[in-house]
Amino acid sequence: MSRFLYFFLLLLSFSQIKAQDVFSDFKKSCPEASMSFCLKDIESGKTDLSYDSKRSLAPASVMKLLTTIACLDKYGQEYSFTTKVGYTGKIENGVLKGSLVLKASGDPTWNSKFFPNNDVFEKIVYLLKTNGIKKISWGVIIDEGVTDYSLPRTWIWEDIANYFGSPVRAINLYDNTYKLQFSSGKAGSLTKIKSVIPEMHSLSFKNEVLASSVNRDDAWIFGGPNSQQRVVKGSIPQNRKSFIVKGSIPKTNEVFFESLRIRLAKQGVKCKNNLLLKNISNYKHLGEIKWPSLDSIVYYTNQKSVNLFAEALVKKIGSLSDYYSERGLNVSGVRLYDGSGISRFNMLNAEFLTDVLVFASSQEYNSSLFESLPKAGQTGTLKRFGRGTCLENNLIAKTGSMKGVRAYAGYITISGKKKAFSCIVNNYACKSKEFERIVQKILISLCE
């Protein structure tokens with residue numbers, strides 16, 4: 001055995017001893033909690049360190065790793081899905097005597113704040129003007145295809161009407177998010193809704209939001225995914241002329257159509273006020289609208305933890321369990337109900353998740369995956385995590401959190417070698433800062 005190898009193994013054994021001591025600290029500080037932890041070498045796939053690594057727990061947003069890796073693996077990092085645009089009838093003297101047709105593909109990036117230059121209306125106007133169309137005599141037909149865009153059945157009522165619970169649709173717009181503008185008076189008084197952006201005349205609100213002396217947003221929107229009635233409860237800070245609360249657009253097709261007609265009118269293109277949702281195969285090709293490249297969507301999905309993007313991507317995969325099983329990974333003890341991690345019914349264990357990370361690390365798209373993950377002490381949800389420690393510049397990871405759930409999964413560099421790791425904790429009652437300190441201590445003990 002070379003001196004270098006002996007020294008490396010000695011350092012690793014010391015790190016493992018320190019980490020095991022920290023696991024003991026975790027159980028003392030959070031005895032009610034369950035943890036699943038796994039650290040593996042990405043070259044050999046061998047386990048360097050584990051703690052109850054086969055225990056299945058709710059993963060929260062680290063689920064997005066499974067979704068983004070599967071899409072990169074299946075389609076490649078530069079791939080772009082497309083939305084086909086066509087028409088029925090015929091074009092005569094600048095008049096489309098028929099309907100504009102959109103073969104919807106579930107693109108989640110149209111007029112998104114993450115893709116500010118991806119203006120779908122501008123692209124449609126360009127296609128119409130290129131083909132000399134100044135008037136659409138009937139209206140618009142949207143073909144939603146055969147993909148099931150129904151709401152994941154295990155999402156909870158509290159989430160689905162708020163912006164982070166926006167379900168993906170065949171047509172998506174403005175991140176499927178609207179803004180409620182409130183004004184508030186003194187603490188305890190009822191607030192007022194000043195405006196809704198974008199305007200949705202068919203959507204009604206029952207406002208029960210009170211002004212509060214607590215300086216934070218604690219307002220929640222309730223309503224079914226297709227319902228046009230919303231109840232807003234909770235509180236916002238007192239004495240505000242303007243305060244924004246964000247919700248999930250229930251009928252994106254209608255919002256898209258109304259916004260399209262307004263934009264077309266501004267460009268001198270008239271469109272009849274008719275919208276039809278139906279599958280259509282007999283139409284003429286006008287052009288297509290490409291999604292942004294897959295690696296760019298993956299970047300925001302992981303870096304900013306965008307639930308809508310993750311749900312759009314998982315529609316292109318289908319069953320994640322089947323996908324990874326077909327690639328030889330052990331999916332026993334794994335239950336996957338969505339692509340974003342909103343569902344509390346999702347169950348992952350650290351060993352499986354780490355195996356997926358090991359698998360992805362050797363693929364051609366690994367640079368896109370690595371780039372999409374927040375860097376400790378620098379970016380995203382890890383901007384403050386590990387700052388000023390050995391984790392900075394040595395740790396990239398996706399994080400996940402919901403009530404009683406915290407998770408970290410990604411890659412850590414130890415003595416110049418990249419390792420894959422996963423840490424999932426459920427049902428902790430200790431303070432979040434204390435829990436974060438313990439996880440940080442575990443990871444620091446590996447790289448010191």
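In this text the structure is predicted, and so the values were computed from the model without any measurement. (Residues numbered from 1 in each chain as written. Predicted model: local features only at pLDDT ≥ 70, side-chain atom pairs only at ≥ 80, totals over all residues. Heavy atoms only, no water.)

1. Considerations on empty space enclosed by the protein
Empty space among the atoms becomes apparent when a probe as large as a water molecule is rolled across them.
Turning to step 1, where the next piece is worked out: Under the counting rule described, the total for this entry stands at 1 cavity of 30 Å³ or more.
Turning to step 2, where the next piece is worked out: What lines the largest cavity is Y149, S150, L151, P152, P167, V168, E311 and K315.
Turning to step 3, where the next piece is worked out: Residues of the lining of the largest cavity, tallied by class, amount to 5 nonpolar, 1 polar and 2 charged. (1 Å grid on protein atoms, 1.4 Å probe; cavity = no way out; pocket = protein on both sides within 12 Å on 5 of 7 lines; lining within 4 Å. Points joined across faces, edges and corners; volume = space filled by probe spheres on them. Nonpolar A, V, L, I, M, F, W, Y, C, P; charged D, E, K, R; others polar.)

2. Regarding the packing of helix 3 (residues 120–130) against helix 5 (residues 252–266)
Turning to step 1, where the next piece is worked out: Look at helix 3 against helix 5: their axes get within 10 Å of each other, and the N-to-C directions meet at 55°. Judged by the inter-axis angle, helix 3 sits oblique to helix 5. You can see that helix 3 and helix 5 cross each other, and the crossing is right-handed. On the side of helix 3, the interface is formed by V120, F121, E122, I124, V125 and L128, while helix 5 contributes F256, S259, L260, R263 and L264. (Axes fitted to C-alpha atoms, helices over the stretch in contact; angles between N-to-C directions. Helix = DSSP H or I, 4+ residues; strand = E, 2+ residues; numbered from the N terminus. Parallel < 35°, antiparallel > 145°, perpendicular 65-115°, else oblique. Left-handed = near helix turned anticlockwise from the far one by under 90°. Contact = heavy atoms within 4.5 Å.)

3. A closer look at the packing of helix 6 (residues 294–303) against helix 7 (residues 307–314)
Turning to step 1, where the next piece is worked out: Closest axis-to-axis distance for the helix 6/helix 7 pair is 8 Å, and the angle between their directions is 135°. Classed by the angle they form, the pair helix 6 and helix 7 counts as oblique. As helix 6 runs across helix 7, the sense of the crossing is left-handed. Each of L294, I297, V298, Y300 and T301 in helix 6 lies in contact with helix 7, whose residues at this interface are F309, A310 and L313.
Turning to step 2, where the next piece is worked out: The class makeup of the residues in the contact of helix 6 with helix 7 is 7 nonpolar, 1 polar and no charged.

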